[in-house]
Amino acid sequence: MKKIINDPKNVVRDALYGVAAAHPQLRVDHAQRVVLRGDAPRQGKVALVSGGGSGHEPLHAGFVGPGMLDAACAGEVFTSPVPDQILAATKAVDGGAGVLHIVKNYTGDVLNFELAAELAEIEGIEVKAVVVDDDVAVHNSLYTAGRRGVAGTLVVEKIAGASAEAGASLSEVADLATRVNAVTRTMGMALTSCTVPAAGRPTFELADNEIELGIGIHGEPGRSRVPLAPAADLAQMLLDPILEDLDYGGSEAVVIVNGMGGTPQIELYLLYAEVARILAAADIGIVRSLVGSYVTSLEMAGASVTLTKADAELLSLWDAPVDTAALRWGVRG
Amino acid sequence: MATQTAGSAEPGEGSVDAAALTEWLRAVAASIAEHATELTDLDAAIGDADHGSNLDRGMSALVGVLDESHPETGDSTVDALLKSAAMTLISTVGGASGALYGTLFLRMAAAAGPVNALDAKGFAAALRAGVDGVVARGKAELQDKTMLDALIPACDALDAALAAGGSLADGLQAAAAAAAAGRDATVPLVARKGRASYLGERSAGHQDPGATSATLIVEAAAATLGGPPSAGPGGG
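Rules used throughout
Residues numbered from 1 in each chain as written. Chains lettered and ligands numbered in written order. Predicted model: local features only at pLDDT ≥ 70, side-chain atom pairs only at ≥ 80, totals over all residues. Helix = DSSP H or I, 4+ residues; strand = E, 2+ residues; numbered from the N terminus. Rg over C-alpha atoms; globule rule 2.2 N^0.38 Å. Buried ≥ 20, exposed ≤ 12 C-beta atoms within 10 Å, placed from the backbone. Contact = placed C-beta atoms within 7 Å. Expected span 1.5 Å × (residues − 1). pLDDT = per-residue confidence, 0-100. Nonpolar A, V, L, I, M, F, W, Y, C, P; charged D, E, K, R; others polar. Domains from an automatic or database assignment. Core = buried A, V, L, I, M, F, W, Y, C linked by C-beta atoms within 7 Å.

**Q** Account for the overall build of chain A, with residues named and values stated.
**A** Counting its regular elements, chain A contains eight helices and 14 strands. At 19 Å, chain A has a C-alpha radius of gyration in line with the 20 Å of a compact globule built from 333 residues. Along the three orthogonal principal directions, the C-alpha set of chain A runs to about 50 × 50 × 45 Å. Within chain A, the fraction of its 333 residues that count as buried is 57%. For chain A, the proportion of contacts with a sequence separation of at least 24, taken over those separated by at least 6, is 72%.

Put into structure tokens, the structure is as follows:
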């Protein structure tokens, strides 16, 4: 294992010291491992709390700030945060208008956020939860834990955050987040595995000529292993299951080509070119795009493609100002 | 003064009091530490390679709590001790296993109530309530390739042994054997819950890490609770 760390046991703690040092506009509760908006709680504003295992940076702490999340809870690497953390975050950001939990659909995240929501309600805080499950790689939700929450989480957090910032009620923000999730689909692939610091070895092995198709974001293996192919074919392999799953015909979409952590930007742009070509041929208009590593899986090489079907309302909320460490537009200075 | 309820017992031979439970939890921690790499390796095959390290971190934290509070020397009630174990695990393990094992001990505490000790039937009832809590929280069933594939057979074997007139030690020996058999039987199963379920058919051929850690917990109970078995090759 070759990593820039002090001790595998302290990776999350030490990284949060860096988050605090680099972003003075954020407040970091090091005891609870919660990253907060510096001005939280905002009275009268619905607060958004997300979180999950660490190792997906910039998700979620990189999306804390005006126009997006109020707090992010950092679990151990690839391990959901615990209820104490989520409760602490919920209490710290509640401005009296209720708190929305945005939860990626992984069993551990769902269970721990559920426990935390029960505890918050005992303390008199109104909590609603939206579970993001944008990953089309999971074929049969009946016989699995269901589709996972992956890069589409960014879209849900951005649009729900804009809505909360604009003064929507808890029910309105929750309904909107649910609606965004319903029109968002993601498919990912890995070229290499990744190494959880505490484990010290790669989570799985991939031969030089193989890719893992349909991965999640925790280094878990995907649905199938196929030979490496040119980028044009890879783009098709990622887009086919998305376009088969939801009818985007003639509509407009926000498109994200997301790096898994170990793939350089040049390859992401190359992949984006292929994605744009295929979508143009399918008569799907790309109205906004992001190309970069936003929802990662440590140093895994690979990428995912996310499409959100966008109407005028979702698009105006997407365009609304956001001021976070990893996503920033529409703000001065 | 703790109240006396059905299933409770005076501390003594074969009864489960705070001292016995403490010994059990310490044995669980030692066993998890010993098998942490094995658990993580099993998880790497069908999950995300953290089951051993997460449980080890939580059980070490629990040992720290036990070292500080010394429940075995005081007059700690069964439910207070189990609840403290549950909250420690929920707060330190993380992931699904933290919430699920935490729920196991939390529901055991609720079922046991504020007593000084449990008799064999009381312990079995508490364990059953704990396992029912895991079912409710995780929404999994037998043969979904989860910790329940070890825990449910263990409860069934314990109940059957006690119903047949066996001692708690006999029942826990049977429970440990049933958990191990359930764990081994997860190998050919296709996972339907948890992260392994994403692998579909590819999850078959691997032993479930949750069923493996659950078996360690039951085996630790057999090694520490209820005194020596009354008969059989495990006795004496």
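That covers the picture; the talk isn't over yet.
**Q** Let's hear about the overall build of chain B: which residues, and what values?
**A** Counting its secondary structure elements, chain B contains eight helices and two strands. Beginning at the N terminus, the succession of helices and strands in chain B can be written as β-α-α-α-α-β-α-α-α-α. Computed over the C-alpha atoms, the radius of gyration of chain B is 17 Å, within 12% of the 18 Å expected from 2.2 N^0.38 for a compact globule of 236 residues. Taking the principal axes of its C-alpha atoms as reference, chain B extends roughly 55 × 40 × 30 Å. Counting across all 236 residues of chain B, residues that qualify as buried make up 63%. Excluding contacts between residues fewer than 6 apart, the proportion of contacts in chain B whose partners are at least 24 apart in sequence is 71%.

**Q** Explain helix H4 (residues 152-165) of chain A to me, and be specific about the residues and the numbers.
**A** Residue and element names in this part refer to chain A. Taking 1.5 Å as the rise per residue, H4 with 14 residues should run 20 Å; its terminal C-alpha atoms sit 20 Å apart, in good agreement. In terms of residue burial, H4 counts as a mostly covered element, since 14 of its 14 residues are buried. Looking one or two residues past H4, Gly-167 carries a phi angle of roughly 100 degrees, positive in sign.

**Q** Please provide a residue-by-residue account of the confidence of the model for chain B, values included.
**A** Considering every residue of chain B, the mean pLDDT works out to 90; 92% of them sit at 70 or more. Taken over the whole predicted complex, pTM reads 0.85, whereas the ipTM for its chain interfaces reads 0.72.

**Q** Please set out the interface of chain A and chain B residue by residue, giving values where relevant.
**A** Where interface size is quoted, it is often the accessible area lost as the parts come together. Facing 31 residues of chain A, the contacting portion of chain B comprises 26 residues. When residues of the side of chain A that touches chain B are traced back to their parent elements, those giving at least two are strand E4 (71-77), helix H2 (83-93) and helix H3 (107-122) of chain A. Ranked by residues supplied to the side of chain A that touches chain B, first place goes to H3(A) with five residues. For the side of chain A that touches chain B, the residue count by class is 15 nonpolar, eleven polar and five charged.

**Q** Residue-level account of the environment of A:Lys91, with values.
**A** Residue and element names in this part refer to chain A. Inspection of the secondary structure assignment puts Lys-91 in helix H2. On the neighbour-count criterion, Lys-91 (16 C-beta atoms within 10 Å) is partly exposed. Note: C-alpha distance between Lys-91 and Leu-16 (75 residues apart in sequence) is 20 Å.

**Q** Can you break down the domain arrangement of chain A residue by residue, with the values?
**A** All names here are of chain A. Structurally, chain A comprises domain 1 (12-183) and domain 2 (184-309). Placing a centre on the C-alpha atoms of domain 1 and another on those of domain 2 gives a separation of 23 Å. At the level of secondary structure, the elements contributing two or more residues to the side of domain 1 that touches domain 2 comprise H4 and helix H5 (170-182). When residues in the side of domain 1 that touches domain 2 are grouped by element, the largest group, five residues, is from H4.

**Q** Go over the nonpolar core with me, naming the residues and quoting the values.
**A** In this structure, A:Val35, A:Ala71, A:Ala160, B:Leu158 and B:Ala175 are the most contacted members of the largest nonpolar core, which totals 180 residues. Per element, the largest residue contribution to this core is twelve residues, and it comes from helix H1 (residues 18-46) of chain B. Three or more residues apiece are contributed to this core by two domains, here domain 1 (12-183) and domain 2 (184-309) of chain A.

**Q** Account for the environment of A:Ser293, with residues named and values stated.
**A** Residues and elements named next belong to chain A. Tracing the backbone shows Ser-293 in the loop between strand E11 (285-292) and strand E12 (302-309). By C-beta crowding, Ser-293 is classed as buried, having 22 other C-beta atoms within 10 Å. Separated by 55 residues in sequence, Ser-293 and Leu-238 have C-alpha atoms that sit 17 Å apart. Residues contacting Ser-293, with those up to four places away along its chain left out, are Asn-258, Gly-259 and Gly-261.

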